[in-house]
Amino acid sequence: MMNGSGWMGGWMGGYGGMWIPVLLAVIVGLLVWIVMRKQK
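In this text the structure is predicted, and so the values were computed from the model without any measurement. (Residues numbered from 1 in each chain as written. Predicted model: local features only at pLDDT ≥ 70, side-chain atom pairs only at ≥ 80, totals over all residues. Heavy atoms only, no water.)

**Things to note about the overall build of the protein chain**
If you tally the helices and strands in the protein chain, you get two helices and zero strands. Split into buried and exposed, the 40 residues of the protein chain put 8% on the buried side. When the accessible surface of the protein chain is split by element, carbon and sulfur atoms take 75% of a total near 3,700 Å². (Helix = DSSP H or I, 4+ residues; strand = E, 2+ residues; numbered from the N terminus. Buried < 20%, exposed > 50% of the residue type's maximum accessible area, 1.4 Å probe, protein only. Areas by Shrake-Rupley, 256 points an atom, 1.4 Å probe, with all protein chains shown as cover.)

Structure follows, in structure tokens:
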């Protein structure tokens, strides 16, 4: 995830402006869901 100049910069460069917050929201949502399931 740290090499932003690599493949991330490639496909995010053209149309990634709106996809970055969407991807972050999906990843955070999945992590929260997994943590909530493990706590039960």
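Picking up where we left off.
**Observations concerning a nonpolar patch on the surface**
On the surface, a nonpolar cluster with roughly 820 Å² of combined accessible area is contributed by Trp 19, Val 22, Leu 23, Val 26, Ile 27, Leu 30, Leu 31, Trp 33 and Ile 34. The residue Leu 31 is located in helix 2 (residues 19-39) in this model. (Patch = residues over 30% accessible without salt bridge, like charges linked within 9 Å, V, L, I, M, F, W, Y side chains within 5 Å. Salt bridge = Lys/Arg side-chain N within 4 Å of Asp/Glu carboxyl O.)

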